[in-house]
Amino acid sequence: MTLRDYFAAKALQGLLANPGGPVQASTAQGWAIVNCTVDQLGDEAYGIADAMLRARA
């Protein structure tokens, strides 16, 4: 497991645990990826991981 994978796993955990986040049925809250597919959610988690890696640089 790479550091990127670790960060993505932590980001995904947070995304799934947030009731106002992307895994919701309403666009009233969240990150504008409501009703997303699991592939989109994975992409979002890796996008967050990439941002975390850039912040470390």
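The preceding data block contains the structure.
Here is a short report on the structure shown in this document. Just so we're clear, the structure is a prediction, and the values are computed from it rather than from any experiment.

### Thoughts on the overall build of the chain
Each helix and strand counted, the chain has two helices and zero strands in total. Going through the 57 residues of the chain one by one, you find that 21% of them count as buried. Restricting the contact set of the chain to residue pairs at least 6 apart, pairs at least 24 apart contribute 51%. A total of about 3,900 Å² of accessible surface is found on the chain, and carbon and sulfur atoms cover 57% of it.

### As for the pattern of salt bridges
One pass over the structure, following the stated rule, counts one salt bridge. In this structure, Asp50 and Arg4 form a salt bridge, with 2.5 Å as the shortest nitrogen-oxygen distance. Here Asp50, found in helix α2 (residues 38-56), pairs with Arg4, found in helix α1 (residues 3-17); they are 46 residues apart in sequence, far enough to count as distant. Of the residues examined, Arg4 reaches a relative accessible area of 34% and is grouped as partly exposed.

### Some words on the nonpolar core
Of all hydrophobic cores here, the largest spans seven residues; its members are Phe7, Ala8, Ala11, Leu15, Leu41, Ala45 and Ala49. For this core, the elements supplying multiple residues, two or more each, are α1 and α2. Among the elements that line this core, the one with the most residues is α1, at four residues. What Ala11 contacts, discounting residues up to four positions off in sequence, is Ala45 and Ile48.

Conventions and cut-offs
Residues numbered from 1 in each chain as written. Predicted model: local features only at pLDDT ≥ 70, side-chain atom pairs only at ≥ 80, totals over all residues. Heavy atoms only, no water. Helix = DSSP H or I, 4+ residues; strand = E, 2+ residues; numbered from the N terminus. Buried < 20%, exposed > 50% of the residue type's maximum accessible area, 1.4 Å probe, protein only. Contact = heavy atoms within 4.5 Å. Areas by Shrake-Rupley, 256 points an atom, 1.4 Å probe, with all protein chains shown as cover. Salt bridge = Lys/Arg side-chain N within 4 Å of Asp/Glu carboxyl O. Core = buried A, V, L, I, M, F, W, Y, C linked by side-chain atoms within 4.5 Å.

Scope: geometric values only; no functional claims are made or implied.
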